[in-house]
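Listed below are the residues making up each chain.
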Amino acid sequence: MAAGSFPDVAYIFGSDLASMTRSPQVADLSSSMDLKDYWPAARDAVTVNGKVRAAPALLDSLCVVYNKKLFAAAGLPEPKAGWTWDEYVTTAQKLTNPAKGVFGTGWPGVGDEDTVWRLWPMIWDLGGDVVSEDGKTVAFDKVGEQALETLDRLRTDKSLYVDPKPGGEQLYQVFLGGRMGMVATGPWQLPDVIDKGLDYGVVPLPSYSGKGGTISGPDTWTVFENGKARVKAATEFVSWLSQPQQDVRWDIEGGSLPLSTTTAALPEWKKHATGTAGLQVFVDALETARVRPTITAYPKISQQLGEAIVAVLLGKKSPGDALRQCVEQSNAILAVPS
């Protein structure tokens, strides 16, 4: 975009969309995209300042996938919906077996968005948010420490595998190798789990309140202004691509969830969901899934929180100290008009 040369359509991560829309070259699709049948998470992810600025491209939700064999070996009952973070920590500790190289669970330790987005459901459940209603300060200053303390407990119990590389590939390889009891992940991981022949189960994320809840990280098809005719053609294409008959193929073969309730009701999807253990848990989680705010400051706030999480995971800072620095720096970011 800086060079003034861009495609008609680009796949843009949902967390980056608000920053992209600062450019007048990003098309406004408000009058051409009908999103009424889409899951709320998909709608929210493409809406910036009340306008539809992209088409939903991919939908997921975060749940816990666990290894049934390791639970049985540890003499533990399988987790159920409604469990708590205290139970998660205790379970991870009991699953851990250093002699066999088995970890209870894992967390990305790079500080990127994969590190950060897993913490938001914990913060939301505690009554916090990413930013305040007026957008002038962060809204996790009062509850963020408790969420970070949960990670610190996993660290001090030595039940947490911290992945030092971007993308979480090592974390998932440990799980797929049968050396991790449970991992928070999305539906995209199920094909690999099935290919490895793991005896697995899926359960919603734990919570502090008992109410449950999760996060969805939808991505987008963003259309760029390359003249009226090309914008019209590009918009028609992404609209067609998102329609149920195309969406269901993408979902089944690519590991996404249905963008709309209409897709979820198709016989092809129902057959796929019935034949894939645990997949429906991810779909059901969309009922309560929230998304990161579509604000331009989000990537910078995420960077600060990512650094705080890594500092706690590596034992370099206490949860309180890490949070205080994150809040101070994030509020300074929000104080600058965007």
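Note that the structure is predicted; figures quoted are calculated from it, not measured.

*Asks:* What am I meant to see in the sheet that holds strand β10 (residues 182-185) here?
*Replies:* Paired through backbone hydrogen bonds, the strands of a sheet run either parallel or antiparallel to each other. Across the sheet, three strands lie side by side as β10-β5-β11; this open sheet has antiparallel pairing. At either margin of the open sheet sits one strand with a lone partner, and together these are β10 and β11 (200-203). Averaged over all adjacent pairs, the angle separating strand axes in this sheet is 25°, with direction ignored. Where strand β5 (residues 63-67) and β10 come together, four bridges link them in antiparallel fashion. Note on β10: the bridge partner recorded for V65 is V183. Most of the contacts of helix α8 (residues 169-176) go to β10, to which it runs at about 135°, and overall it touches β5 and β10.

*Asks:* I tried to follow the packing of helix α7 (residues 144-156) against helix α15 (residues 298-313) on my own but got confused; where do I start?
*Replies:* Helix-helix packing is described using two parameters, namely the angle between the two axes and the distance between the axes. Put simply, α7 and α15 touch, their axes get as near as 9 Å, and they point 30° apart. One way to sum up the angle between α7 and α15 is to call them roughly parallel. As α7 packs across α15, the resulting crossing turns out to be right-handed. Counted together, L148, L151, D152 and R155 of α7 and I309, V312 and L313 of α15 form the full contact between these two elements. Residues belonging to the contact of α7 with α15 are distributed by class as follows: five nonpolar, no polar and two charged.

*Asks:* What am I meant to see in the sheet that holds strand β4 (residues 55-58) here?
*Replies:* Pairing is antiparallel across the open sheet formed by three strands, whose spatial order is β1-β13-β4. Of all strands in the sheet, those with a lone pairing partner are β1 (9-13) and β4, marking the two edges. On average, adjacent strands in this sheet sit at an angle of 40° to one another, irrespective of strand direction. Bridge analysis of β1 against strand β13 (residues 219-223) gives five bridges, and the strand direction is antiparallel.

About the criteria used
Residues numbered from 1 in each chain as written. Predicted model: local features only at pLDDT ≥ 70, side-chain atom pairs only at ≥ 80, totals over all residues. Heavy atoms only, no water. Pairing = 2+ DSSP bridges. Helix = DSSP H or I, 4+ residues; strand = E, 2+ residues; numbered from the N terminus. Axes fitted to C-alpha atoms, helices over the stretch in contact; angles between N-to-C directions. Contact = heavy atoms within 4.5 Å. Parallel < 35°, antiparallel > 145°, perpendicular 65-115°, else oblique. Left-handed = near helix turned anticlockwise from the far one by under 90°. Nonpolar A, V, L, I, M, F, W, Y, C, P; charged D, E, K, R; others polar.

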